[in-house]
Every structure is written in C-alpha cells, then in structure tokens.
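# Coordinates in review
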Amino acid sequence: MNTTHSRRRTWPGVALAAVLTTATLTAATPATHADTAAEPRAAGARTETPVTSTSPVAAVTETVVRVRSPLPASFGARPAACDWLSYLRYRSSAGPAASADADRVLIAQPGILEGAGAFDSVARNTVARAAAQGRHIEFWALDRRSNCLEDRTGIASGDQHTAVDYYYRGRPVAGRTFAGFTGNGELGWMAKLGIEQTVRDQYDLLTAELPDQALRQRKVLCGGHSLGGVVTGYFATADFDGDRRTTADAGYNQCAGYFALDTTVSTSLADLSGSIPDDTDLPDIGLGYGAVQAGLDTGLLPRSLSAPVLLNPETMTLLAIAGLGALQDPGGEADLPSYLPRNGNIEATNRFLFAKDAAAFLTGTPAVRDFRLTNDAVLGALMDDHSVPLAFLQSSVGFFDGGPIADKSFPAANGSGQLPALFGREYKAIPDRPHGPLYTWRDYDRVGAPDDPGYRSADGTPFTGAGKEVTSIRELARSLAEQPLDFTEQYFPTKLVTDLQLADSPQVKRLLAHPAGLTARPTLTVLAGDGLLAGRVPDGLDPVVADGYQHLDVLTAAPRQNDGRPEPVSTALTEFARTPK
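What comes next concerns the included structure. (Residues numbered from 1 in each chain as written. Predicted model: local features only at pLDDT ≥ 70, side-chain atom pairs only at ≥ 80, totals over all residues. Heavy atoms only, no water.)

## Quick notes on empty space enclosed by the protein
Our working definition: Cavities and pockets are defined on a 1 Å grid built over the protein atoms alone: a cavity is a set of grid points where a 1.4 Å probe fits but cannot escape, while a pocket is an open set with protein on both sides within 12 Å along at least five of seven lines, and lining residues are those with an atom within 4 Å of any such point. Grid points are joined across faces, edges and corners, and a volume is the space filled by probe spheres set on the points. A run of DSSP states H or I qualifies as a helix once it reaches four residues; a run of E qualifies as a strand once it reaches two. Both are numbered from the N-terminal end. Gly counts as polar in this scheme, as do all residues outside two lists: the nonpolar Ala, Val, Leu, Ile, Met, Phe, Trp, Tyr, Cys and Pro, and the charged Asp, Glu, Lys and Arg.
If you walk through the whole model with that rule in mind, you get nine cavities of 30 Å³ or more. Considered as a void within the structure, the largest cavity measures approximately 160 Å³ in volume. Sorting the residues of the lining of the largest cavity by element identifies β3 (84-92), β5 (137-143) and α6 (195-209) as the ones contributing at least two each. In terms of residue count, the dominant contributor to the lining of the largest cavity is α6 (four residues). Residue classes in the lining of the largest cavity are distributed as six nonpolar, five polar and four charged.

## Brief notes about the packing of helix α9 (residues 289-298) against helix α16 (residues 494-501)
Heads up, the rule is: Fitting a line to C-alpha atoms yields each axis, with helices limited to the stretch in contact; the angle taken between N-to-C directions then spans 0 to 180 degrees. Our angle categories are set so that under 35 degrees counts as roughly parallel, over 145 as roughly antiparallel, 65 to 115 as roughly perpendicular, and the remainder as oblique. Here a residue-residue contact requires only that any non-hydrogen atoms of the pair lie within 4.5 Å.
One way to put it is that α9 packs onto α16 with a least axis distance of 11 Å and a crossing angle of 175°. As judged from the angle between their axes, α9 and α16 are roughly antiparallel. Contact residues: Y289, V292, Q293 and L296 in α9; T494, K495, T498 and D499 in α16. Grouping the amino acids of the contact of α9 with α16 by side-chain chemistry returns three nonpolar, three polar and two charged.

## Quick word on the pattern of salt bridges
To keep things clear, this is the line we draw: Criterion for a salt bridge: a side-chain nitrogen of Lys or Arg within 4 Å of a carboxyl oxygen of Asp or Glu. Partly exposed residues are those whose accessible area sits between 20% and 50% of the maximum for their type, while under 20% is buried and over 50% is exposed, using a 1.4 Å probe and protein chains only.
Scanning the model with the defined rule gives 33 salt bridges in all. Residue R169 is joined to D165 by a salt bridge in which the shortest nitrogen-to-oxygen separation is 3.1 Å. Relative accessible area serves as the criterion here: at 34%, R169 is assigned to the partly exposed category. Across the pair K495 and D499 runs a salt bridge whose closest N-O atoms are separated by 3.0 Å. Residue K495 and its partner D499 are located together in helix α16, separated by four residues, close to a single helical turn.

## Some points on the pairing of strand β15 (residues 523-528)
Selection rule: By the convention used here, strands pair only if DSSP detects at least 2 bridges between them.
Across the six residues that make up β15, a large majority, five, are buried. The sheet contact formed by β15 and strand β16 (residues 544-546) spans three bridges and is parallel. When the bridges of β16 are listed, L527 appears paired with V545.

Spatial relationships are all this shows, so hold off on functional conclusions.
Spelled out as structure tokens, the structure:
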C-alpha cells in the first residue's frame, strides 16, 4: 500500500490550486445568512425519519438519521444544525430493526463535492442482493458535517419551476424563503473542519450508534468512494483517546475490513488518478501548513472549495433541479435552460458545458437555450461521460438521440492525443442542430438496440456502445432529486483537502498514530474500468474491475447490466460482507 506523499498532481490538487489563485475574489463575495433548515426539530440526541422512495429496488428500508454531536467551542459560532451528524441508513425491510443485530454494517465516506445521496443505488443494490441470499446487512451513507448548510426546501417541493423560483427568484415555499447561498464570511467555523475532525466525526457516530467496540470490530466494514478512500485511510490509522498505547479506540479496531470504490484505502492523494503531467504550468500552493491555516482563519482563503464555473453552491444546485425535471416529465421538452435566470455564474457554466467549440464558448452562440431537449437529455448532458468534461462528475447513462450529433471540441478536442485525465477518456458529443429537432435521450439499456443510430465521431470512432453504458438515467435523476441528503456537496471544506495536500507537515503526520492500521484488516478494492485509476492501478492491489464504468458509476449503476449480468460493484460488496478476506 502506498502511504507516501507523491509529487504528482491529482485532480483535488488542481482544484485546490485553482481555488487558491482566485481566493481574493471568492473571499470578497458578500456573505449571506447560513441556512439552518437541517436542524432536527425533535427533542433528544437522535432522530430517525423514514424516506419515501420510488426506487424499483424493493424490500429496502431507507431512513435519514441525525445524531447530536456538538463541535468543540474552539470552532466558534455556527448554525445549530452543524452540531449534528447525518447519514442515510439502508437496511433490509425483512431484517432486524436494530443495527447491532444486522449481519454486517457498511459505513461509507463520500468523495469530494459529494453527499450521502450519491450512494443511493449502490446501497440499495447491495442490501437487496444480500437479503436475497438470506443475510441482512446495513449500508450507512455518511454526509459531511458541512452539508448542514444546505437548504433542500426547493428541491423537496418536487416541482422544477418551484425550485428555480425558490433558489433564484426569492419566492417562498411552504412559508419559507431562501436565505441565500452562504458566503465565505459566515464560514469561519469551517476553517478548522479538516481531516482530524472528519475522522473524529465518523468515530463519534459509530460509537454513538454502536456502543460495543467488540461488535464494531466484528461487524463494521469501513470504506468510501474517491476521496473517501483517503479519509478511510486516515480513519484506520487514527488514535481517538489521545493515548497510543491503548488500541481499543484505534480506527482499525472499529472495522472488520475496508472497502474502496474507485479509489484506494491509503493516506496519499497520489493513488487517486486524474493526474496532471508534472510539466503542466499550474500554480502551486507554495504555502506551509501554518500559512494556509492562517489564511483560512482570517478568511483570506476561501473556507469552502469553490470555482467560478460549475463547482459552486449555486450551480451544483442545478444538478438536483435538472433531476427533478427528468423525474417529472422525462420525455417532455425541457424549458429549464430558458427558465433559469441569466446571471453570470449560470451563463458561464452553461457555456462551459454546452459549447461545441472555443468560438461558441467565447460568443455564447449557439447557447443551450437554442436547442430543443427533453428533460432527460438536459440531465444527460450535465452528467454523462460523453458530455460533461470533468471526469469526477461523469457517469455512463446512455446517449443523445433524435437528431444529428457533432464532436464537442471544447475544452479539448476528441482524438487529440493524451488528454489530461481530468477530462475523462471518452469522446465528447453535442447536439448539432439549434432550433431543430427535439433531442431525446437513449437510456443505458437501449444503447446498442436495433433502433440505435450508432452515432460516430467525425473520425469514425463510435461515441459509445452497450458495454460502456451502465447507469439508468431514471435512477440517477431519482438519486439527485429524491434524497433528503444531497447527491452533490455545496460546501466542501477547503481545509480537508489542504490537510491532505500538506500531508508531510508535522501537524498532519501526527494524525497517523497507527500506520499499521492500513493493512490490519482485509480490503476490497473495486475500480471503475474507465474511472480515475484506469491504466494506473497502484502496485499490490488485486482489484475487482467494473468494465465500462466511470467514476460515479460505481455508486449509480443499475442492478442489472446490458449483458444481463448482475451489477459487479454491489455483487463484490455483498460477497465481501459475507466474510471479509
């Protein structure tokens, strides 16, 4: 297992560098009032609320659990909701009601810019598969503490126009008015929300929900997706009572095994792909741990990871809103592009995502509003690996249909040689007739069907094939729009990724109290065949490889694939949960 800090740049490092170089602009954004809608209303230290779902995966009970766990006073002022930890609990409907009586409990850390809702499909598939074999397991999808700032009121309305009006036009829903997206000035408490508090939150949640340490060590499997694999590595090596001589509290002694979903269980970002070549002219952080912490404390550096295009709270909210449209009327003609306000943030994001080439990006013509798209096609364009040019947001949910398709040559041309892995490996496509036909969406299980036009790039390369499509767009829409805890993450703590980038600093290295914990338990590694680690699997791994999968597909894939085989990620997790080895 590679536990050293590498010189290679990974996509979190690139994102961080971009954020820090624009920190002055971000920090200058006027602050708004933080939302406190997430705070449980019920008395007591724990609430558990049933979640209604339209998932076709039957016999799975989902609840949202919130456990009171106040931050230390040193974190300073914060919304009351942020003194609670939250997770989505999935269990067999025929199984025991108490988690301690389950055969196994899987607890999963999310990746960067990712919330608990992203695990919905893999959690349901895994729980249902185990139940079909006569075993009752639970899957806990963790939400980072900073997601307490999110306001789901507009999405929870179930109506796309209502959601847009709530978040962007100040119109109330059920007597509530959106307080605005939280500005950097109100995020002072997040300046201390790094890797140490993140793993402490997992430990405190586990000990509150499963007080018996021997039971945790026997039944709990600890893991995560993407950055969640690195968080799991730090959890495994952590000491939680301040005395390294005692080990009952050590992270590895809370787990019977580890699992990694398109990542590795390690304490290095180097094992995450999306690497940028060493000679790329990108800004370096160039700051030590103390200087970075001072910047976060004063607000000179943004406390929440954000970028001017796509990766910010306002635009990340659009993914859930697009999911609402795909749930409401999947084949209906979308009006979302024209219904959205035309502010600079949304306009820049639309140009980046929908521009056919550099000229279209610079001029804004043709714009996404100039195309006729179904609601499914809008969501597909935002999330599919043949459309969105950011690998860590890609899933394999089908392809455009209904009209001529062209190569999308912005921000990189198809077939142009070795592209940065940040953009993904697949050719990108875009509708080619503004004001023309209604472009529809061909779902994953209809790619390769007799009526499939078999769209090709200008160089003759097929854009996709049946073996490359694994996620149902309907289920992706449901996970984005139905979950009480977001699929995406609006307020990712900058300190979490700066800590990991500065892993060689004494302040971070001291957290690796039990380095042998990384290998103290058996580990299951499941990699996406076309994901972030494609072509560069670290030495010493014997991974399960899900062919054709992109980075998000390990979480979102349909329970049965195009070739009729069971979904491989949940199959591997189910088998590992039987007897970790």
